[in-house]
Structures are given as structure tokens and as C-alpha cells.
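# Examining the three-dimensional arrangement
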Protein chains: 2
Amino acid sequence: MTDTMFATDVSALDAADPLAPFRERFQLREGLIYLDGNSLGALPKATGERLAEVIGGEWGEGLITSWLEALWSTAPRRIGDKIGRLLGAKPGEIVATDSTSVNIFKALTAALSLRDERTVILSEATNFPTDVYMMQGVEAFSGGRVKAVTVAPDAIVDALTDDVAVLLLTQVHYKSGRVRDMAAITRAAHEAGALVVWDLSHSAGAIPVDLNGANADFAIGCGYKFLNGGPGAPAYLFAAARHHAATPVLSGWFGHARPFAFEEDYDPAAGIERFQCGTPPVLGLAALEVGVDLMLEADMAEVRRKSLALGDLFIEQMQPLCDAYGFELVSAQDHATRGSQVAYAHPQGYQIVQALKEYDVIADFRAPDILRFGLTPLYLRYRDMVETARRLEKVCATRAWDKPQYHQRAAVT
Amino acid sequence: MTDTMFATDVSALDAADPLAPFRERFQLREGLIYLDGNSLGALPKATGERLAEVIGGEWGEGLITSWLEALWSTAPRRIGDKIGRLLGAKPGEIVATDSTSVNIFKALTAALSLRDERTVILSEATNFPTDVYMMQGVEAFSGGRVKAVTVAPDAIVDALTDDVAVLLLTQVHYKSGRVRDMAAITRAAHEAGALVVWDLSHSAGAIPVDLNGANADFAIGCGYKFLNGGPGAPAYLFAAARHHAATPVLSGWFGHARPFAFEEDYDPAAGIERFQCGTPPVLGLAALEVGVDLMLEADMAEVRRKSLALGDLFIEQMQPLCDAYGFELVSAQDHATRGSQVAYAHPQGYQIVQALKEYDVIADFRAPDILRFGLTPLYLRYRDMVETARRLEKVCATRAWDKPQYHQRAAVT
């Protein structure tokens, strides 16, 4: 590899990067290259201080009064509105609440309540597992009324037959990073009489999203990836305003029209609040809000531009390794269908990702053979792309993956 | 009131209190009397430091590796086992996860899957609202298969007809503090062929509970009351080992037998892990664990003894106010049926609770007319009981509740 030439180019790219100042807003150890921000985003420096304030001040001093005084009870809606600005939603269409999995259940059952003459929940077979698992749970509970069906990724549109009530699809695929055309698929689903639930876990904060521009019905997604909300951060749920009459199955007290009136019968709130269920997780929401606020400071068009440029550079740098060591690009070269990650297949993928840690690069492995490199434009530099390829070459040149210590453990999240 | 006499007695009680040292483990402002720990428990001093470590160290430095290295992925089970020691559960019968409301849904649907020839979910009409709301959501989704039925509190056992699949009952009533006989009711339900889901939100950390001694089936409860886990803390779910084959409807990836194998079909974990759903909320779990660890340092028999003594003293101190101002004791005098709170009815209850804040007493109001005084033996002193009655007398003597500022806002949580 021609180190000197790239080093020069790359320094210029970093120097000209308008997003470069964001890096120092995150806690990142010197030397570490963190390419797993699409699994768990890095820690914003402001989060620790904010949580100390919420814990010591709002909880410790304010105690129960903070539900009103510190605006805890409206945090899910407030943070939802902020996330909405990243996703092309109107205020009052998103609530930050529960986990992604639980929100999938809510969105699917809400959609089913709007299409109760239809029976099928459709998805692609290689969707993120929890999406399909949640569909299967709905099927199991439905007593035969509902069927969870998965088809090959490219067969989705053809599978939109007139028994499909709802299509559940992830916009950016968790392994390949492939981007779906949200507007086109939503249109096809609507023409077939079906609704769509979009999983935006790998979209929010990673690529520009325009839910209302695509006429989306429902969406859900995760707070701990590109939104940097912290491990197991609360997730979010979008319901287009026209669907706010859908029946919530998870009809907890925080979805009630008057939660603090302690009425005996469930009467769902008129707006997006009905998609809440239990008491909001205040600590998790506070950390999520810091991450979302930070993301809102950035121009999403610029984030996308840099993400693609980082990916292009990395793909270029990886070409010699593909030739020499058999890596195979799984992500698209094409910008329109590539999310904010680049994935390669390699038979020793798991061991290579383990070995890379010794060189202070954290990437991700997804079974059976995918190395996943997450691109987070707020805290990655162009030179990190060059340096990653360099360190990966060292791993390959020494066949580090043959060492037994890289064969011991199961991969995680 | 005979101040001097009580002051003397009470100092002796505080001096002899074996739980007195726990008070300084909590952050509590001097002068404040906090009687709402049954709504939101006070802040353990250790929580801030622990969260700083989780945020700055485990998340900030460890990043994604902390799912294994910092034991995040097994925290729900570890903390569940700790809660189990307070509740008479065996290791592997409790998991800390999701909200109480979501766990009610899981427990109800799991129980229904074990009694699928039966159709009724039974509860009492005055149960905590979210319990009944969640039942109503199951009914709404069941397409006519399941019926949510509520009856008067004293009619529960008679209502255990042979169509009842599951009884959902709160052990300690949120308003009155009345304690149900868990063993006797469970026995009656089993004799009628039904299962029972116990809501332990006002039990855990408040009264001794013996789930397996009562042959309990399922239980759920909240982490932010007597367990001092923080606002919106993760809740927990108990499933007796004999019920671990029940079908989870909320079939998220963390309930899968091999969550990180990313398999296409849902295959529930063999044990309590199947009652997890999405990615665990790490920050909330860390705060909950601090609260549970602190509670585990105390002897629950001693906690109960002091709770009842605090209640007896408060009832004694309140007698003159009942006579003079019309407070009416709603909680039982009888120890066997009184939880860790004392409730009074008063027509101006809401305004009185508001006015008490001016005297630095935080109590709680529950519609339509209940003043609720939560007794948390780890951080309340005997003298706080005397002082509360004294301050309440001032509110009454000056008819502070007539002031317009106490009529403005809705009560919260």
C-alpha cells in the first residue's frame, strides 16, 4: 500500500471536514478506531454530566415532584419530537419509549387493527432477527388469525398479495447495509392495500429519512446506534397522524388519555401518547436526549455526504486486501443503496474481527461470515479508514486469526 | 398534642432502631419528610457514583465490548436473582426487564397459553389502573377469545369460576395499602383451575414475600418504589420454574435461546430468559441494582417490624386530627392486612397534600380523596411520624387548603 500518498490526501480531507469538530464532543480513547457505532454509539461527553444532574438533582432533590417539575412525564413526547426532526416526522408523530422489539409489537398490532380483514404480516427472511421473532409472537398469540410470512429480499413487492395486512421492513439492512427505497416500497404496499412498518434502527442519524415524504404509516427504531443514546437506550415509535386511531394492544397507563386520573377503563390518548405503555425510563431517556441533541446540531446532508466519502475511501483501501486475502464486498458500491456501513464477507470473519481488537480496531461480526464496519461521521476521520485497512493488513499478513485465543467466544449484539 | 411526651418516647425509638444507619445511605435534604417512597423511592448515595462508572467506564471506554466484559447482557438475570432473594424466588425465576405494564402483558399471555381452554382474565375493579388496562388490551386483541372481567374486591374468590384462566391481583393495594393473603388466594385459584399473576409493586422491599411458599405462578412488579431503583426503573417478572414452557408473545431477540446466533426463527430460551424481549436498558438496570443491593443489606423481618411500628405511631398521632378535622383511616389497623403505607380519606385530600409541601412534607394523593403516606423503614425515623402529624395539624389549623394555589394542578404518578 502506498502509505505516503494516501496519508497526504487524507490529511487534506480531514482538514476540510466540516463535521470534524464533533469528534471532540465524544469520549474516545486515543489510538482506538471504533467502527461499531452502528451497534453501540460512542459516549457523548455531555452525557455523564447530564445524568449526574438527573440523578443527584432531579431524582435526589426533586424526588417525586420531578415528574412535573423536571418534565419527566412529557420526556417521551419531547424527545420523540426531536427524533422526528431527523426523520421527517411532524411534532406529535413520534414517541421515545420501550425497546425496539416492544415497539415492533405495538406497530404491527396497530397496523393489524387498521386492516383487520387481512391476515398476513410480511417481511424478508434475512431481516434483523427480532423483527421476525416479534411477527412470529403475534402469529402464535393470534390463535390462527394472523400469519407471519417471510420471503426472499427481492421477492417483497411481488409478495404483496391482497391478504397482506402489514409489511415489516428494515430500511438499512443490519448486515449488508443495503438501503431500501422507502417511498417506492410504501407506494407499492399501499397500492396493494397493505400498511408498512419501517425499522429505522440503522437509518436514524445515519442517512436522511423523510417519513412523511414517503407517506409512511408506522416506523420504529433504536436509540443506541447512530443516535448515541447509550446501551439499551429507549427506542422510538412513529405513527403517521392519520393512524392515531389505531388500537394499542399494549394499553398501559401512560397511553391513557388521563393517566393520573386513575380511571377504571382504558381510554387511549388521542395522539401519539397512546403508543406509550408503562412508566417512562427517565435515566435512559435523559441519556438518549443528549445523543439526539448532539445529532441535531449536525447537518444530516453533510453527515450523509461524509458517510459515503468515508465508505468510498475504505472500499478503495480494502481493494488490495480483497485481492490478496479474499475479502468480498457485500455492501453496495452504489451510493443510493449503501447505508452508513461497509460489510465484507470472509470465511475467517469472526477470528479476524477478534484479532483486530489487538490492533485497537473495534469492528463487528455477524454470522455466518460478515465483517461489519460502521461509519459514524460525527466521530470518525478519513485517516481512520486508511489506518483500519493498514491494521487489517497486519492481521492478514501474520495470519493472526490462526491464534487459538480468537476462537473462544460467541459474538455479541 | 402532648409534644413532650411523644418527643421523649420517639427519641428512644430512634436511638434503638437497628435500621437507623441506613438513612445516611440515602440523599435526603435536611428538614424534608419524604412519605412518597412508595411512589418513587429516594436516591441511594451510591447510585450516582455507580452510574458515572457505567457511563464513563463501561460505555465510554469499554464500548461494545461491555456487553460481555461488563456483564451487561446477563444483568437482567443477575438482578432478577437478587430481587428473588427478597421475594422467596429461586435463582432463575426472576428477570429484571421492561416496564411493569409490559411485564403484566407477558405474564397474562403466558398464563393464557397454559390455560388455553379457558377465556377469562379476572381482577378486582379497584386494582391499579395499568393492571386492568393491560387486561383490556389483551381482550381487545384476542378477537373475542379472551374476556377481561373485574369484580368487587371481596368478590374475587367467588368469581373463580371454571372459565377463569388467570387471576391478576395486587398483593398490597396501591390506595388502601390492604394486604392480600397470597397463599390462600393462590390456593383457591389453583383449586378452581386458574393461575395467578401477582403484582408486587407495593410489596417488594416493603413486606416479606414468599412466592414459592405461596406456590405462586407468575408475579410482576416495579423497581422504582421500595427498591429505590430510580424513576421509571426497569420492572421484573417472576415465573415459577414449572411454568417456563409458557409461550412468550413478546418474543424479542433477548428471549431467544441463542440471541447472538441471529437465527431466522424464534426459539425461546429454556429458562426465565424467555421472558425478556428487547435489548436490556443498561443504565436503568445499573441504578436498579444499587437499590436492590442496598435493600438486601437489610433484614426484611426487621424492615417489616419497623414499618408496622412507624404506621402504628402515625395512626396514634393522627387520631386527634381525625377527631378534629375529619380524616378517616382507610388502611387497616390490623398488622396482617396493612402494607407499608397508611392512607386516610379526606374531602380536601388533594389540597392538603399540596399544602403539606409548604411544610416540607411530601405525601401523595390518589383520586378521589385519598392521602397516602408511604412508610420506608430504611430512611424514615419515628420522629418523622410525630413531626408529620404536627405539620399536618398546622395545615388544618390554618385551613391552608383554602388557598387558591393548591387548586391548580393535576396530581402525578
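Residues numbered from 1 in each chain as written. Chains lettered and ligands numbered in written order. Predicted model: local features only at pLDDT ≥ 70, side-chain atom pairs only at ≥ 80, totals over all residues. Heavy atoms only, no water.

## Re the overall build of chain A
Our working rule: Think of it this way: any DSSP run of H or I at least four residues long counts as a helix, any run of E at least two long counts as a strand, and we number them from the N terminus. The quantity called the radius of gyration is restricted to C-alpha atoms. Its globule counterpart is 2.2 Å times the number of residues to the power 0.38. The buried label goes to any residue with under 20% of its type's maximum accessible area, the exposed label to any with over 50%, and the partly exposed label to all in between, with areas taken from a 1.4 Å probe on protein chains only. Whether two residues are in contact is decided by their heavy atoms: any pair within 4.5 Å suffices. Only the protein chains shown count as cover for residues, and the accessible areas themselves come from Shrake-Rupley with a 1.4 Å probe. His residues and chain termini do not enter the charge count, which takes Lys and Arg as positive and Asp and Glu as negative. Charge placement uses NZ in Lys and CZ in Arg. For Asp and Glu, CG and CD serve respectively.
When its secondary structure is counted, chain A shows 11 helices and 15 strands. The C-alpha radius of gyration computed for chain A amounts to 22 Å, which stays within 12% of the reference 22 Å derived for 413 residues, consistent with globular compactness. Its C-alpha atoms put chain A at 70 × 55 × 40 Å along the principal axes. Counting every position in chain A, which comprises 413 residues, the buried fraction comes to 65%. Partitioning the intrachain contacts of chain A with sequence separation of at least 6 by distance along the chain shows that 72% fall at a separation of at least 24. Counting only carbon and sulfur atoms, one obtains 52% of the accessible surface of chain A, whose full area is about 13,700 Å². Each charge class in chain A can be summarised by its mean position, and for the 38 positive and 52 negative side chains these summaries are 2 Å apart.

## Side note on the side chain of A:His173
All names here are of chain A. Rules: Counted as a polar contact is a pair of N or O atoms within 3.5 Å, where, for protein atoms, one must be capable of donating a hydrogen and the other of accepting one, and residues adjacent in sequence contribute only when both atoms are in side chains.
Turning to its location among the elements, His173 is positioned in the loop between strand E7 (164–170) and helix H7 (182–191). Of the polar contacts made by the side chain of His173, one reaches the backbone nitrogen of Ser176; its length is 3.3 Å. If we skip the residues at most four places from it in the chain, His173 touches Glu124, Thr126, Asn127, Arg178 and Gln341.

## Quick notes on the UniProt feature "modified residue: N6-(pyridoxal phosphate)lysine" (unreviewed entry) in chain A
Residues and elements named next belong to chain A. Counted only if it meets this: UniProt positions are given in the numbering used here, feature names are shortened, and annotations may be inferred rather than shown by experiment.
Under the UniProt annotation, "modified residue: N6-(pyridoxal phosphate)lysine" (unreviewed entry) lies at Lys225. Assignment of secondary structure puts Lys225 in the loop between strand E9 (218–221) and strand E10 (236–239). Classification of Lys225 by relative accessible area gives buried; the value is 9%. In this structure Lys225 touches Gly37, Asn38, Ser39, Gly41, Ser201 and His202, once residues within four positions along its chain are discounted.

## A few points about the packing of aromatic side chains
We apply this condition: Pairing of aromatic rings covers Phe, Tyr and Trp, the last through its six-membered ring, and needs centres within 6.5 Å; plane angles under 30 degrees mean stacked, over 60 mean edge-to-face, and all others mean tilted.
If you walk through the whole model with that rule in mind, you get 40 aromatic pairs over all chains. Ring centres 4.9 Å apart and planes at 85 degrees place the aromatic pair A:Phe128 and A:Tyr174 in the edge-to-face group. One end of the pair, A:Phe128, is in the loop between strand E5 (120–124) and helix H6 (129–141); the other, A:Tyr174, is in the loop between E7 and H7, with 46 residues separating them in the sequence. Note on B:Phe218 and B:Phe275: the rings are 6.3 Å apart at their centroids and 75 degrees apart in plane angle, and the pair reads as edge-to-face. Remark: B:Phe275 occurs in the loop between strand E10 (236–239) and helix H8 (282–297) and B:Phe218 occurs in strand E9 (residues 218–221); sequence separation between them is 57 residues.

## Overview of the domain arrangement of chain A
All names here are of chain A. For the record, the criterion: As annotated, the domain borders come from an automatic or database domain assignment. Buried surface area refers to the total accessible area, computed with a probe of radius 1.4 Å, that the two partners give up upon joining, counted for both partners together. What counts as a salt bridge is simple: a side-chain nitrogen of Lys or Arg found within 4 Å of a carboxyl oxygen of Asp or Glu.
Looking at the assigned domains, one finds that chain A contains domain 1 (3–45 + 299–407) and domain 2 (71–297). Its C-alpha centre places domain 1 at a distance of 30 Å from the equivalent point of domain 2. Counting from both sides, the interface comprises 32 residues of domain 1 and, opposite them, 25 residues of domain 2. Together, the buried faces of domain 1 and domain 2 total about 2,200 Å²; carbon and sulfur atoms form 63% of this surface. Summed over the shared surface of domain 1 and domain 2, the result is one salt bridge. Taken together, the connections running from domain 1 to domain 2 amount to 11 residue pairs in polar contact (both at pLDDT 80 or more).

## Quick notes on the sheet that holds strand E14 (residues 364–366) of chain B
This is how the line gets drawn: Strands qualify as paired when DSSP identifies two bridges or more between them.
Ordered by their spatial adjacency, four strands build an open sheet running E11-E12-E15-E14 (chain B), and the pairing between neighbours is antiparallel. Among the strands making up the open sheet, the edge pair consists of strand E11 (328–329) and E14 of chain B.

## Some words on the relation of the copies chain A and chain B
Definition in use: When the copies are superposed, the least-squares fit draws on C-alpha atoms of residues that have pLDDT of at least 70 in both.
Note on the copies: chain A fits chain B at an RMSD of 0.0 Å, the axial shift is 0.0 Å, and the rotation between them is 180 degrees. This pairing of chains is accounted for by a two-fold axis.

## Topic: the nonpolar core
Buried together is how nonpolar side chains tend to be arranged in soluble globular proteins. Rules: In plain words, nonpolar cores are sets of buried Ala, Val, Leu, Ile, Met, Phe, Trp, Tyr and Cys residues tied together by side-chain atoms within 4.5 Å.
Residues A:Leu87, A:Leu211, B:Leu87 and B:Leu211 are the most contacted members of the largest nonpolar core, which totals 169 residues. Looking at this core element by element, the count peaks at 10 residues for helix H8 (residues 282–297) of chain A. Apart from residues lying up to four places away in sequence, A:Leu211 is in contact with A:Leu87, A:Gly88, A:Ala89, A:Met182, A:Leu200, A:Ala216, A:Ala219 and A:Phe238. The next biggest cluster of nonpolar side chains, apart from the first, holds 62 residues, and it includes A:Val102, A:Phe105, B:Phe105 and B:Cys277.

## Some details on unusual backbone geometry
Residue and element names in this part refer to chain A. The omega torsion of the bond from Ala367 to Pro368 falls at 0 degrees, within 30 degrees of zero and hence cis. Position of Pro368 relative to the elements: it lies in the loop between strand E14 (364–366) and strand E15 (370–374). Of note, the phi angle at Asp360 is positive, near 60 degrees, even though the residue is not glycine. Its location among the elements puts Asp360 in the loop between helix H10 (349–358) and strand E13 (361–362).

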